[in-house]
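Observations on chain architecture
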Protein chains: 2
Amino acid sequence: MRRSDSEIPDIVVGRLPIYLRALIRLQQEGREITSSQELGERLGISSAQIRKDLSHFGEFGKQGTGYTVSTLIAELQRILHVDREWEVALVGVGDLGRAIAHYGGFAHRGFCITHLFDNDPNKIGEKINNLVIQPVSELKETIKKAGIRIAMITTPADSAQEIANELVEAGVGAILSYAPVTLSVPKHVRVQYIDPVLHLQRMSYYLNDRD
Amino acid sequence: MRRSDSEIPDIVVGRLPIYLRALIRLQQEGREITSSQELGERLGISSAQIRKDLSHFGEFGKQGTGYTVSTLIAELQRILHVDREWEVALVGVGDLGRAIAHYGGFAHRGFCITHLFDNDPNKIGEKINNLVIQPVSELKETIKKAGIRIAMITTPADSAQEIANELVEAGVGAILSYAPVTLSVPKHVRVQYIDPVLHLQRMSYYLNDRD
């Protein structure tokens, strides 16, 4: 039923985690059945869009009865490859890196930070959440050996490209970068960015000075 | 020259901050002139797309000579309303809130965190970066009085909707939420979300188990 990855637009793939998050919330609220209408209302997305997005991957709902929450959760987890737990390396243990290392929100969502790297001699050897901060000089070998495919970059902008190069050489295929700079990586590597200022500027466009 | 906001797709507005960030980086590298080709190569966006996006707002480049970096920066800052500095309130001073309060990357990009709120009695009164943490009970009045239009939510998911309601009542028109839950707000209020897991899941879709 599933088509090849290349046929499914990335924008559709990008909405699946939003559906999954909403479904898990419904499940926490004790709901067993939902519909594209209800999901759509919660998410501000049209029910037609949700049905169309899901139809890329199979038939999950029954006409008139809607979706079984637990089944759709399991299907989306399988499709997104988060029916397992990925080890994640985090590079750059400043304020933000520390906050992310402490963040409890990755567990049960498919990811677990298992390695921390920094190049500050004062931080190397320090323990955060039972993880020892390793020197960046050990990054490539450690990641290769552990078979880690996903990394987060929380270094300053100036170091981010260099770190990205090392991560790619070590076999990482997905990078989430908090550094406010666009990274250059080979085509087979995925990069996503988190820069709060980009979000703020996208909204300040709509704000008038004092309305 | 500028059309009314409603005619310009939000997806176009969303790319302007990315262009602005790249231009500022070019300026830091000492460059005075650039082109849609160069910008496109740096950003992985086609030069035609960049020219089309900018054409919504006016004529910024000259045929054959490209864009003057400083001029295009100033124009984009004006369009995005970041040729000023917006006061920003941050609600929820946990690990992440603290890291964001300490983050130096907002300055010179149009935003300044000026108010911190939390409901933990042990945190209220504490100073971070010369800002005193205020109780959430003072949120509405303080924000209204200060005329603050932009807020960040870094509370746990369960408190986020309640906080959003208070922010909207206080006159906030733009919310950046780090809480992993979709918020319900009136149509005139903009919300953007940062949830690292959504980005990670969007990428893990493309990763095979051990390839």
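Per chain, residue numbering runs from 1 following the sequence as it is written. Both sets of labels track the order of writing: A upward for chains, 1 upward for ligands. Local features in this predicted model are restricted to residues of pLDDT 70 or higher, and side-chain atom pairs are both shown and tallied only at a pLDDT of 80 or more, whereas totals for entire chains, interfaces and linings draw on every residue. With hydrogens and water set aside, each side-chain value is computed from the structure's full complement of heavy atoms.

1. Looking at the domain arrangement of chain A
How big an interface is tends to be stated in terms of the accessible area lost upon association of its parts. Domains are outlined according to an automatic or database domain assignment. By the assigned domains, chain A splits into domain 1 (5-79) and domain 2 (86-198). On a C-alpha basis, the centres of domain 1 of chain A and domain 2 of chain A stand 30 Å from each other.

2. Structural notes on the pattern of salt bridges
Should a side-chain nitrogen of Lys or Arg be within 4 Å of a carboxyl oxygen of Asp or Glu, the pair is scored as a salt bridge. Enumeration according to the criterion identifies 24 salt bridges over all chains in this entry. In this structure, A:D118 engages A:K123 in a salt bridge whose closest nitrogen and oxygen atoms are separated by 3.7 Å. A 1.4 Å probe rolled over the protein chains alone gives each residue an accessible area, and that area as a share of the maximum for its type sets the label: buried under 20%, exposed over 50%, partly exposed in between. Relative accessible area serves as the criterion here: at 7%, A:D118 is assigned to the buried category. A:K123 sits in the buried class, given a relative accessible area of 19%. A salt bridge links B:R78 to B:E75; the nearest nitrogen and oxygen atoms lie 2.6 Å apart. Pair noted here: B:R78 and B:E75 are both in helix α4 (residues 69-79), with a separation of 3 residues, about one helical turn. A relative accessible area of 23% means that B:E75 is categorised as partly exposed. In this structure, a network of salt bridges that share partners links the residues A:D10, A:R190 and B:R202. Helix and strand definitions follow DSSP, with helices as H or I runs of at least four residues and strands as E runs of at least two, each counted in order from the N terminus.

3. Topic: the side chain of A:R21
Of note, A:R21 is situated in helix α1 (residues 10-28). A relative accessible area of 10% means that A:R21 is categorised as buried. A contact between two residues is defined here by any heavy atoms of the two lying within 4.5 Å. Apart from residues no more than four positions distant in its own chain, A:R21 is found in contact with A:R109, B:P180, B:V181, B:T182, B:D195 and B:L198.

4. A short note on the environment of A:I113
With respect to the element layout, A:I113 can be found in strand β4 (residues 111-118). What A:I113 contacts, discounting residues up to four positions off in sequence, is A:V88, A:L90, A:I100, A:A101, A:F106, A:L131 and A:M152.

5. A closer look at the confidence of the model for chain A
Note: pLDDT gives the predictor's confidence per residue, expressed from 0 to 100. Considering every residue of chain A, the mean pLDDT works out to 92; 96% of them sit at 70 or more. Quick note on the complex model: pTM equals 0.86, ipTM equals 0.93.

6. Observations regarding the nonpolar core
To qualify as a nonpolar core, a set must consist of buried Ala, Val, Leu, Ile, Met, Phe, Trp, Tyr and Cys residues joined through side-chain atoms within 4.5 Å. The biggest cluster of nonpolar side chains holds 97 residues, and the ones touching the most others in it are A:M152 and B:M152. Every residue in contact with B:M152, bar those within four places of it in the chain, is listed here: A:L200, B:V88, B:A89, B:L90, B:V91, B:I100, B:F106, B:I113, B:L176 and B:Y178.

7. A few points about the interface of chain B and chain A
The partner chain A presents 67 residues to the 66 residues of chain B that form the contact. Buried area between chain B and chain A, summed over both chains or domains, comes out near 6,600 Å², and the portion from carbon and sulfur atoms is 59%. The buried area of a pairing is the accessible area, by a 1.4 Å probe, that goes missing from both parts when the two are put together, added over both. By the criterion of area lost to chain A, the three top residues of chain B are B:R21, B:R202 and B:Y205, representing 13% of everything that side buries. At the boundary of chain B and chain A, one finds 8 salt bridges. Across the pair B:R109 and A:D195 runs a salt bridge whose closest N-O atoms are separated by 2.9 Å. Each polar contact in these results corresponds to two N or O atoms within 3.5 Å; when the atoms are within protein, one needs to be able to donate a hydrogen and the other to accept it, and residues that are neighboring in sequence are counted only if both atoms are side-chain atoms. The interface formed by chain B and chain A includes 26 residue pairs in polar contact (both at pLDDT 80 or more). Listing elements by their share of the side of chain B that touches chain A, those giving two or more residues are α1 (10-28), α2 (36-43), α5 (95-102), β7 (150-153), α7 (157-169), β8 (174-177), β9 (190-193) and α8 (196-204) of chain B. Along the lines of polarity and charge, the residues of the side of chain B that touches chain A split into 37 nonpolar, 12 polar and 17 charged. Each residue gets one label: Ala, Val, Leu, Ile, Met, Phe, Trp, Tyr, Cys and Pro are nonpolar, Asp, Glu, Lys and Arg are charged, and the others, such as Gly, are polar.

8. Comments concerning the sheet that holds β8(B)
The strands making up a sheet associate through backbone hydrogen bonding, with each pair oriented either parallel or antiparallel. All names here are of chain B. Spatial ordering of the open sheet is given by β5-β6-β4-β3-β7-β8-β9, a layout of 7 strands whose pairing is mixed. One side of each edge strand has no neighbouring strand; the edge strands of this open sheet are β5 (127-128) and β9. Whether two strands pair comes down to DSSP finding at least two bridges between them. Sheet topology note: the β5/strand β6 (residues 131-135) ladder contains 2 bridges and is antiparallel. Bridged to I128 within β6 is L131. Only the contacting stretch of a helix is used when fitting its axis, a line to C-alpha atoms as for every element, and angles between N-to-C directions run 0 to 180 degrees. In this fold α7 packs onto β3 (86-91), β7 and β8, with an angle of close to 170° to the strand it touches most, β7.

9. Examining the relation of the copies chain B and chain A
For these two chain copies, the linking operation is a rotation about an axis paired with a shift along it. Alignment of copies: least-squares fit on C-alpha atoms of residues with pLDDT of at least 70 in both copies. Of the transformation superimposing chain B on chain A, the axial component is 0.0 Å and the angular component is 180°, with the fit at an RMSD of 0.0 Å. The symmetry that links the two subunits is that of a two-fold axis.

10. Remarks on the sheet that holds β4(A)
Residue and element names in this part refer to chain A. Ordered by their spatial adjacency, 7 strands build an open sheet running β5-β6-β4-β3-β7-β8-β9, and the pairing between neighbours is mixed. Each of the sheet's edge strands pairs with one partner strand only, and the pair in question is β5 (127-128) and β9 (190-193). Sheet topology note: the strand β3 (residues 86-91)/β4 ladder contains 6 bridges and is parallel. Counterpart to W86 in the pairing with β4 is F111. The strands touched by helix α6 (residues 139-146) within the sheet are β3, β4 and β6 (131-135), with β4 carrying the most contacts at an inclination of about 160°.

11. Looking at empty space enclosed by the protein
The definitions used throughout rest on a 1 Å grid laid over the protein atoms alone, on which a cavity is an enclosed set of points accommodating a 1.4 Å probe that cannot get out and a pocket is an open set flanked by protein within 12 Å on both sides along at least five of seven lines; lining residues are those having an atom within 4 Å of a point. Grid points are joined across faces, edges and corners, and a volume is the space filled by probe spheres set on the points. Enumeration according to the criterion identifies 2 cavities of 30 Å³ or more in this entry. By volume, the largest cavity amounts to about 110 Å³. A:L96, A:Y178, A:I194, A:P196, B:L96, B:A99, B:I100, B:Y103 and B:Y178 are the residues that line the largest cavity. In terms of residues, the lining of the largest cavity owes the most to one element, α5(B), which gives 3 residues. In terms of residue class, the lining of the largest cavity is built from 9 nonpolar, no polar and no charged. Put simply, the second largest cavity is a space of about 60 Å³. Every residue along the wall of the second largest cavity is listed here: A:Q201, B:P17, B:L20, B:R21, B:I24, B:Q77, B:V82, B:H108, B:R109 and B:G110. Top contributing element to the lining of the second largest cavity by residue count: α1(B), with 4 residues.

12. Quick look at the pairing of β6(A)
All names here are of chain A. Burial runs high along β6: 4 of the 5 residues are buried. Relative to β6, β4 runs parallel, the two being bridged by 3 bridges. Residue pairing in the sheet places D118 in a bridge with P135 of β6. Between the end of β5 and the start of β6, which pair antiparallel, lie 2 residues, with N129 showing a positive phi angle near 50°.

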